[in-house]
Amino acid sequence: MALILLTLIGVAIGWLGSIAMRIEEGKAVRRLVLAGFFGSLIVGLAANGGTVLGSLSWIATGVALLASIAAVVGYRYFLSRSEA
């Protein structure tokens, strides 16, 4: 269950980030979704003690949410610096 919730958190944050940043290119949206997914998955699993099939704690949920936001914003910042 934790794996499903972390996946949903990461994908949703990546998708909402692409909407907030007004990105319409398909590849860029996919990259932001993947950044949110991997940020949520890696940090959320570490905060949850590596439990994939068990429940997800509130702390791990909050940390995964913040990590996916940071991953999406950081990825976009990295792209904007390399384009300039």
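Residues numbered from 1 in each chain as written. Predicted model: local features only at pLDDT ≥ 70, side-chain atom pairs only at ≥ 80, totals over all residues. Heavy atoms only, no water.

1. A few points about the environment of V52
- In this fold, V52 is placed in the loop between α2 (26-47) and α3 (58-83).
- Counting along the chain gives 46 residues from V52 to L6, while the straight-line C-alpha distance between them is 9.4 Å.
- Those residues in contact with V52, other than ones at most four positions away along the chain, are M1, A2, L3 and L45. (Helix = DSSP H or I, 4+ residues; strand = E, 2+ residues; numbered from the N terminus. Contact = heavy atoms within 4.5 Å.)

2. As for the nonpolar core
- Formed by A2, L6, F37, L41, L45, L56, A60 and A64, the largest nonpolar core amounts to eight residues.
- For this core, the secondary-structure elements that each account for two or more residues are α1 (2-20), α2 and α3.
- In terms of residue count, α2 provides more of this core than any other element does, three residues in total.
- Setting aside chain neighbours within four positions, we find A64 in contact with L6, I9, S40 and G44. (Core = buried A, V, L, I, M, F, W, Y, C linked by side-chain atoms within 4.5 Å. Buried < 20%, exposed > 50% of the residue type's maximum accessible area, 1.4 Å probe, protein only.)

3. Concerning a nonpolar patch on the surface
- On the surface, L34, F38, I42, V43, I59 and V63 cluster together to form a nonpolar patch covering roughly 540 Å² of accessible area.
- Looking at the nonpolar patch, the elements that each hand over two or more residues are α2 and α3.
- In terms of residues, the nonpolar patch owes the most to one element, α2, which gives four residues. (Patch = residues over 30% accessible without salt bridge, like charges linked within 9 Å, V, L, I, M, F, W, Y side chains within 5 Å. Areas by Shrake-Rupley, 256 points an atom, 1.4 Å probe, with all protein chains shown as cover. Salt bridge = Lys/Arg side-chain N within 4 Å of Asp/Glu carboxyl O.)

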